[in-house]
There are 2 protein chains.
Amino acid sequence: MSATQSSSPVRVGFIGLGVMGRGMAGSLLRAGHAVTVFNRNAQAMPPLVEQGAQAADSIAALGASCRVVFLCLSDTAAVEAVLFGEGGLAQALAAGSTVIDTSTISAPATRGFAARLAERGVAMLDSPVSGGQQGAATGSLSCMVGGDAAVFEACLPYLQAIGSKVAHVGGVGAGQVVKACNQVAVTGVMLGVAEAFALARRHDVPPAVVREALLGGAARSMVLEKNALRLIERDFQPGFKAELMRKDLRLALQAGQDRGVFMPGAALIAQLLEGVCSAGEGSLDWSALGKLVETLSGVDEQA
Amino acid sequence: MSATQSSSPVRVGFIGLGVMGRGMAGSLLRAGHAVTVFNRNAQAMPPLVEQGAQAADSIAALGASCRVVFLCLSDTAAVEAVLFGEGGLAQALAAGSTVIDTSTISAPATRGFAARLAERGVAMLDSPVSGGQQGAATGSLSCMVGGDAAVFEACLPYLQAIGSKVAHVGGVGAGQVVKACNQVAVTGVMLGVAEAFALARRHDVPPAVVREALLGGAARSMVLEKNALRLIERDFQPGFKAELMRKDLRLALQAGQDRGVFMPGAALIAQLLEGVCSAGEGSLDWSALGKLVETLSGVDEQA
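Residues numbered from 1 in each chain as written. Chains lettered and ligands numbered in written order. Predicted model: local features only at pLDDT ≥ 70, side-chain atom pairs only at ≥ 80, totals over all residues. Heavy atoms only, no water.

Caption draft 1: View of the domain arrangement of chain A. Residues and elements named next belong to chain A. Split by domain assignment, chain A resolves into domain 1 (11-171) and domain 2 (177-296). Computed from C-alpha coordinates alone, the two centres of domain 1 and domain 2 are separated by 29 Å. Each side of the interface is counted separately: domain 1 has 12 residues, and domain 2 has 8 residues. Summing both partners gives a buried area of about 880 Å² for domain 1 against domain 2, and 65% of it is carried by carbon and sulfur. Counting the surface domain 1 buries against domain 2, the share from its top three residues, T104, R111 and M144, is 44%. Inspection of the region where domain 1 meets domain 2 yields 0 salt bridges. Viewed at the interface, domain 2 and domain 1 are joined by 4 residue pairs in polar contact (both at pLDDT 80 or more). Looking at which element gives the most residues to the side of domain 1 that touches domain 2, the answer is helix α6 (residues 107-118), with 3 residues. Its residues placed into classes, the side of domain 1 that touches domain 2 shows 7 nonpolar, 4 polar and 1 charged. (Domains from an automatic or database assignment. Contact = heavy atoms within 4.5 Å. Buried area = accessible area lost by both parts, 1.4 Å probe. Salt bridge = Lys/Arg side-chain N within 4 Å of Asp/Glu carboxyl O. Polar contact = N/O pair within 3.5 Å; in protein donor to acceptor, adjacent residues only side chain to side chain. Helix = DSSP H or I, 4+ residues; strand = E, 2+ residues; numbered from the N terminus. Nonpolar A, V, L, I, M, F, W, Y, C, P; charged D, E, K, R; others polar.)

Caption draft 2: Main features of the UniProt feature "active site" (unreviewed entry) in chain A. Residue and element names in this part refer to chain A. Cross-referencing UniProt, the feature "active site" (unreviewed entry) maps to K179 in the present numbering. The exposure class of K179 is buried, given its relative accessible area of 6%. Look past the residues within four positions of K179 in its chain and what remains in contact with it is T104, P128, V129, M144 and D248. (UniProt positions renumbered as here; feature names shortened; annotations may be inferred. Buried < 20%, exposed > 50% of the residue type's maximum accessible area, 1.4 Å probe, protein only.)

Caption draft 3: Representation of the side chain of Q176 of chain A in the model. Residue and element names in this part refer to chain A. Secondary-structure assignment places Q176 in helix α9 (residues 174-202). Only 2.9 Å separates the side chain of Q176 from the backbone oxygen of S103, close enough to count as a polar contact. Ignoring any residue separated from it by four or fewer positions in sequence, one finds Q176 in contact with D101, S103, T104, I105, S106, A107, T110, D126 and P128.

Caption draft 4: Highlighting the packing of aromatic side chains. All names here are of chain A. Counted according to the given criterion, the structure contains 4 aromatic pairs over all chains. When the centroid spacing of 5.8 Å and the interplanar angle of 50° are considered together, the rings of F84 and F113 count as tilted. One end of the pair, F84, is in helix α4 (residues 76-84); the other, F113, is in helix α6, with 29 residues separating them in the sequence. Overall, the relative accessible area of 4% leaves F113 in the buried class. Geometry around F84 places R116 over its ring, the cationic atom sitting 3.8 Å from the centre. A cation sits over an aromatic face here: K291 above F236, 5.8 Å from the ring centre. (Phe/Tyr/Trp six-rings, centres within 6.5 Å; stacked < 30°, edge-to-face > 60°. Lys NZ or Arg CZ within 6 Å of the ring centre and 35° of its normal.)

See the structure below:
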């Protein structure tokens with residue numbers, strides 16, 4: 001990847017053009033990278049082609065033409081299928097290639113995938129992201145990257161195209177671990193805020209008053225500042241869906257169980273999110289966790 | 001309280017000269033108020049007398065000479081005893097006086113105390129504080145004040161002597177409710193952070209790396225910024241003792257039970273604090289909550 005190779009730049013592949021993936025692929029294009037895209041549902045590809053991408057006919061074709069391939073898929077099984085299924089990426093990629101997985105999936109499974117790719121001379125970075133649809137569309141995601149330091153350095157130009165905050169947090173799987181930590185921490189904040197608001201409302205103190213008072217002290221948080229407004233304004237349009245947060249907490253708990261970690265708070269919140277989803281509200285923003293707390297507290301929604 | 005009365009200023013009483021109370025009484029003196037102090041253990045009074053306070057021989061004597069009386073006591077029973085016990089404040093205070101209770105006690109009990117004082121023409125503000133020993137010593141506490149608006153306005157000169165952030169949050173008891181909300185919220189943040197750190201450590205990611213990565217995003221909080229350093233640096237010297245946070249969460253849960261509020265997170269954290277205290281660590285800082293999570297996760301404390 002020296003300067004003399006600029007006439008034949010590294011072609012970057014992107015597999016998975018959902019809400020997040022299409023934004024990231026667009027960011028790579030805007031940063032001047034040569035991008036080839038593939039999506040199972042081909043209808044997602046033309047908008048990227050209009051932005052300058054090439055569309056591949058198959059995962060194998062993409063793998064044969066790219067030295068760096070991003071994945072943005074829905075779950076662990078989907079990543080495994082794309083990498084190691086029939087006609088998968090692992091067989092198609094040349095030795096010396098790198099897979100950058102931006103999906104939020106299992107940390108232990110990620111380590112296994114990386115080991116299997118390494119047998120073929122293919123490197124892997126796990127780089128789950130936070131920052132949502134808007135962060136993806138504007139290239140301002142936060143990327144938590146696990147993997148070999150030299151591979152990380154080599155891939156910085158691509159990671160910096162999709163993220164404004166790119167942190168190397170450890171070896172393969174560490175990105176998934178830190179993402180899990182993020183979801184455990186952020187939902188812990190939300191449950192505390194939601195219970196505080198329910199307590200206040202049932203004692204006739206407006207949650208907006210509580211928010212204002214607490215923002216000045218030790219209970220200050222980004223969730224109190226931003227997400228908590230959803231509970232005050234009754235706005236549960238996602239945002240980040242409750243069913244996705246449920247998935248992320250399930251992953252966090254699995255990662256915990258894998259090493260015997262005591263996570264009663266995350267387990268409780270995961271259960272509450274099961275309740276949110278099973279009550280048919282999984283497509284609301286994950287702050288609907290607070291809505292459930294209010295409902296079970298007898299808060300009058302009209303109040 | 002007009003300017004012409006400056007030759008006979010309102011004398012302010014202060015009952016309860018523990019770590020917090022002695023700081024607040026000192027702040028009132030520094031602000032130029034005439035202060036009379038009383039403490040059950042008389043040894044706490046001479047240092048305040050050296051700063052210019054008068055020492056009262058009894059609660060009744062203090063009540064007879066003061067029109068505004070601060071309380072800073074350990075629990076609901078202590079406040080009830082000082083107000084309504086034999087030789088208590090309620091009998092001694094003239095009609096038109098005001099009691100300002102800075103203790104963290106029961107919100108429902110506070111409403112009852114205020115009603116009983118009102119029968120004697122005595123007003124009450126509940127003004128639990130946050131900001132700790134240092135905030136008390138420097139007059140920079142955060143005061144969450146419940147009570148009649150006119151009484152609040154009249155008492156602002158005294159409240160602003162002890163606090164740099166003084167918020168009127170509602171009627172009598174609302175200060176206690178908001179303080180309870182604060183403790184529910186802040187402990188929720190801590191449990192999330194503690195579980196995230198335990199998960200990270202068991203997956204060989206240093207908690208300092210997690211802290212740094214999470215501070216940049218949606219999981220950002222004051223607890224992650226400050227208190228979490230105690231988990232990284234293994235520093236559990238209080239600070240605010242775990243046994244006091246246990247007391248505060250018990251109060252929050254009682255306030256919740258009083259109105260049927262669903263608070264599974266606070267209940268869980270209260271249980272963990274019972275564990276911290278019963279294991280003999282109640283006099284450590286309340287971040288020892290995270291120490292318990294680590295111990296139960298098999299985290300090597302030497303790591």
